[in-house]
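What follows is the residue order along each chain.
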Amino acid sequence: METSERHSEALIRARVKKAYGFIPDTSLSPFHNAVRLRGNCSMSNLSCPNISTMPSNMAFHDLTPNKSAPPNAKSLLGLGPKFICTPKFTTGSIFNGYDRLEVDFHRRAFFAGDPEEPVDPSLDDAPPPPESKLYIRSKWRPDLADIPDWVPARLSKFYVRIQRLYTKKQADSNILPFQERLLELLATDPKHLLYPLADKGLGPCCVLYEQYVEDCLVHLMTELVYERMSLEEAQEAAKDLQTKILKWLDDYEHVVGPKVKEYIEHHMSTNSLSPFGQFYIMYKIHKGIGENGCWPTRPVCSDVTSIPHALGKWVTEMLFPIAKAQPSYFKDSFVLKALLDVLQLPPNARLFTADAVSMYTNIKTKEALEAIGNFIVENHGEFPHLDPNAVREALHLVFENNIFAFGDTYWRQTSGTAM
């Protein structure tokens with residue numbers, strides 16, 4: 001009998017140890033156990049479940065009607081969308097990165113030497129296009145015959161020495177065993193639960209699939225802003241837009257330059273297989289639940305996979321200097337705080353904030369394009385880096401062709417600016 005009890009007790013202790021990483025003393029209070037656990041933890045032991053390096057104030061919001069999120073979901077999802085679990089094994093080989101290192105080193109060795117004399121821009125009649133950050137990474141590499149003999153030898157020795165530092169071995173996990181099982185559960189869980197992000201970086205949420213779809217349709221069924229399209233209509237509109245952008249590139253190649261033209265053409269070709277943006281929503285936890293019992297949401301359209309994505313990046317590059325020149329511009333919240341720190345106000349001053357409801361979709365497309373176009377023309381002397389006609393035509397192509405997918409449905413934004 002005693003042997004059976006000891007066996008059962010050992011089994012329970014093993015299960016508790018595997019699940020939580022430690023064995024509590026049942027004769028002590030939870031607080032006393034926490035103090036003992038903290039005292040026994042090494043500050044360098046990341047597997048310890050309660051050390052100062054563990055995150056605190058984790059954010060996770062169960063928005064399901066019946067609180068259907070898996071137990072302890074906050075302990076894992078509350079780590080944030082940027083948290084990366086440590087792989088079971090460390091990197092055993094750096095071969096994948098070696099080729100890039102070799103190419104870069106060969107290029108630098110090839111072009112090493114005295115710099116060329118600068119060219120006087122006044123000698124060139126046609127000014128070059130403004131320098132752009134949009135380009136396709138070159139695949140060119142110099143011939144081995146043009147590389148000094150010592151370069152391959154040095155690289156080979158370097159690779160052999162550094163490879164010794166990357167021996168494949170089992171890695172220490174940065175999550176607890178019960179979190180690992182929870183991660184596996186979430187990966188195999190049926191699709192009745194979704195985990196979208198909250199607005200303002202307030203962490204992930206848990207909502208029912210039907211709940212998420214209904215919250216999205218609240219936006220999409222606004223007829224003044226969106227119109228539904230069939231798959232055939234959306235594909236035809238995407239092809240037509242691609243043709244228009246190619247014509248725009250031919251007309252303004254002297255403005256954008258060959259590298260930007262290649263960049264836009266490359267991304268259109270890459271995105272042509274799936275040429276639509278993707279619609280999703282973020283929950284506005286900070287505003288609280290509405291009177292109708294639903295959480296307010298912010299619509300977002302990710303256009304990374306869309307046809308006009310690359311052209312939109314060029315437009316942003318052109319308009320950003322104008323935005324920075326506005327009196328209302330400040331870079332980020334740190335700059336705002338610095339401005340407020342030195343702000344002198346009279347004793348009877350009052351501070352207030354204002355917010356706009358659905359600001360982006362309430363900005364009328366036609367009026368916005370006309371206002372931006374007029375500003376560019378009237379202030380061209382202050383911003384000589386851009387061509388007014390090229391930018392205005394590009395704005396029309398981007399603003400008037402926001403076609404996106406939501407699940408197996410397709411939509412066009414008919415009013416408002418990019419979300």
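Residues numbered from 1 in each chain as written. Predicted model: local features only at pLDDT ≥ 70, side-chain atom pairs only at ≥ 80, totals over all residues. Heavy atoms only, no water.

Section: the overall build of the chain
Rules: A helix here means a DSSP run of H or I that spans at least four residues, while a strand means a run of E at least two residues long, and both kinds are numbered starting from the N terminus. The quantity called the radius of gyration is restricted to C-alpha atoms. Its globule counterpart is 2.2 Å times the number of residues to the power 0.38. For every residue, the accessible area (1.4 Å probe, protein chains only) is compared with the maximum for its type, and the residue is labelled buried under 20%, exposed over 50%, or partly exposed between those bounds. Residues count as neighbours in contact if any of their non-hydrogen atoms are within 4.5 Å of one another. All accessible-area figures derive from a Shrake-Rupley calculation using a 1.4 Å probe, and residue coverage is judged against the displayed protein chains alone. His residues and chain termini do not enter the charge count, which takes Lys and Arg as positive and Asp and Glu as negative. Where a charge sits is defined by one atom per residue type, namely NZ (Lys), CZ (Arg), CG (Asp) or CD (Glu).
Helices and strands together make up the secondary structure of the chain, namely 15 helices and eight strands. Here the C-alpha atoms of the chain give a radius of gyration of 29 Å, more than 25% beyond the 22 Å that 2.2 N^0.38 yields for 419 residues. Expressed as lengths along the three principal axes of its C-alpha atoms, the size of the chain is roughly 100 × 75 × 60 Å. The 419 residues of the chain split such that 30% are buried. Put simply, of all contacts in the chain between residues at least 6 apart along the chain, 72% involve residues at least 24 apart. By element, 57% of the accessible surface of the chain is carried by carbon and sulfur atoms, the whole surface being about 29000 Å². For the chain, the distance from the average position of its 45 positive side-chain charges to the average position of its 51 negative side-chain charges is 11 Å.

So, the nonpolar core
Let me state the cut-off plainly: For our purposes a nonpolar core is just a set of buried Ala, Val, Leu, Ile, Met, Phe, Trp, Tyr and Cys residues, chained together by side-chain atoms within 4.5 Å.
One finds Ile245, Trp248, Ile264, Leu311 and Trp314 to be the most contacted residues of the largest nonpolar core, which totals 37 residues. Looking at this core, the elements that each hand over two or more residues are helix 8 (231–251), helix 9 (253–256), helix 10 (258–271), helix 11 (309–324), helix 14 (365–378), helix 15 (388–399) and strand 7 (403–406). In terms of residue count, the dominant contributor to this core is helix 8 (seven residues). With sequence-adjacent residues up to four places away left out, leucine 311 is seen in contact with Ile245, Trp248, Ile264, Ala394, Leu397 and Val398. By size, the runner-up hydrophobic cluster in this structure holds 17 residues, among which are Leu63, Cys205, Tyr212 and Trp411.

Some words on the packing of aromatic side chains
What characterises a pair of aromatic rings is the spacing of the ring centres plus the angle enclosed by the ring planes. Cut-off, in case you're wondering: Each Phe, Tyr or Trp ring (for Trp, its six-membered ring) is paired with any other whose centre lies within 6.5 Å, and the angle between the two planes then decides the class: stacked below 30 degrees, edge-to-face above 60, tilted in between.
For the structure on display, the rule yields 13 aromatic pairs. Measuring from ring centre to ring centre gives 5.5 Å for phenylalanine 110 and tryptophan 140, while their planes differ by 65 degrees; the resulting arrangement is edge-to-face. Placement of the pair is phenylalanine 110 in helix 4 (residues 95–111) and tryptophan 140 in the loop between helix 4 and helix 5 (150–163), with a sequence separation of 30 residues. A relative accessible area of 40% places tryptophan 140 in the partly exposed class.

Remarks on helix 14
Filter applied, for reference: The span expected for a helix works out to 1.5 Å for each residue beyond the first. What the arc measures is the spread of directions leading from the helix axis to the C-beta atoms.
Here helix 14 is 14 residues long and its end C-alpha atoms lie 20 Å apart, about the 20 Å a rise of 1.5 Å per residue gives. Here helix 14 has its buried residues at Thr365, Ala368, Leu369, Gly373 and Ile376. Buried residues of helix 14, seen end-on, are gathered within an arc of 125 degrees and therefore sit on one face of the element. Helix 14 presents Lys366 and Glu378 as exposed residues on the side facing more than 90 degrees away from its buried surface.

Digging into the side chain of aspartate 215
Condition: Note on definitions: salt bridges are taken to be side-chain nitrogens of Lys or Arg within 4 Å of carboxyl oxygens of Asp or Glu.
Tracing the backbone through its elements, the reader meets aspartate 215 in helix 7 (residues 209–220). Buried and unpaired, aspartate 215 has lysine 284 as its nearest opposite-charge partner, separated by 13 Å. In this structure aspartate 215 touches Ile281, Tyr283 and Thr297, once residues within four positions along its chain are discounted.

Some thoughts on the sheet that holds strand 1 (residues 61–62)
Defined as follows: Paired strands, in this sense, are two strands between which DSSP finds at least two bridges. Axes here mean lines fitted to C-alpha atoms, for a helix over just the part in contact, with angles spanning 0 to 180 degrees between N-to-C directions.
Judged by pairing direction, the sheet is mixed, and its three strands sit side by side in the order 1-3-2 without closing on themselves. Looking at which strands have only one partner, the edges of the open sheet turn out to be strand 1 and strand 2 (193–194). Sheet analysis places strand 2 next to strand 3 (residues 205–208), joined by two bridges and oriented antiparallel. Across the sheet, leucine 193 pairs through a bridge with leucine 208, a residue of strand 3. Here helix 7 sits on the sheet in contact with strand 2 and strand 3, set at roughly 90 degrees to strand 3.

Some remarks on the pairing of strand 3
Here two bridges tie strand 1 to strand 3, and the two strands are oriented parallel to one another. Within strand 3, the position partnered with histidine 61 by the bridge is cysteine 205.

Regarding the confidence of the model for the chain
Close reading of the predicted structure is inappropriate where its pLDDT is low. What counts here: Confidence of the predictor at the level of single residues is given by pLDDT, which spans 0 to 100.
Per-residue confidence for the chain averages 86 on the pLDDT scale, and 90% of its residues sit at or above 70. With pLDDT under 50 throughout, residues 42–47 is counted as low confidence; its partners more than four residues away or in other chains account for nine contacts.

Regarding the environment of tyrosine 263
Tracing the backbone through its elements, the reader meets tyrosine 263 in helix 10. Excluding residues that lie within four positions of it along the chain, tyrosine 263 makes contacts with Leu134, Tyr135, Ile136, Ala310 and Lys313.

Points about the environment of tyrosine 360
Position of tyrosine 360 among the secondary structure elements: in helix 13 (residues 359–362). Looking at tyrosine 360, the relative accessible area reads 42%, which means it is partly exposed. Considering only alpha carbons, one finds tyrosine 360 and asparagine 66, 294 residues apart in sequence, at a separation of 33 Å. Residues contacting tyrosine 360, with those up to four places away along its chain left out, are Gly416, Thr417 and Ala418.

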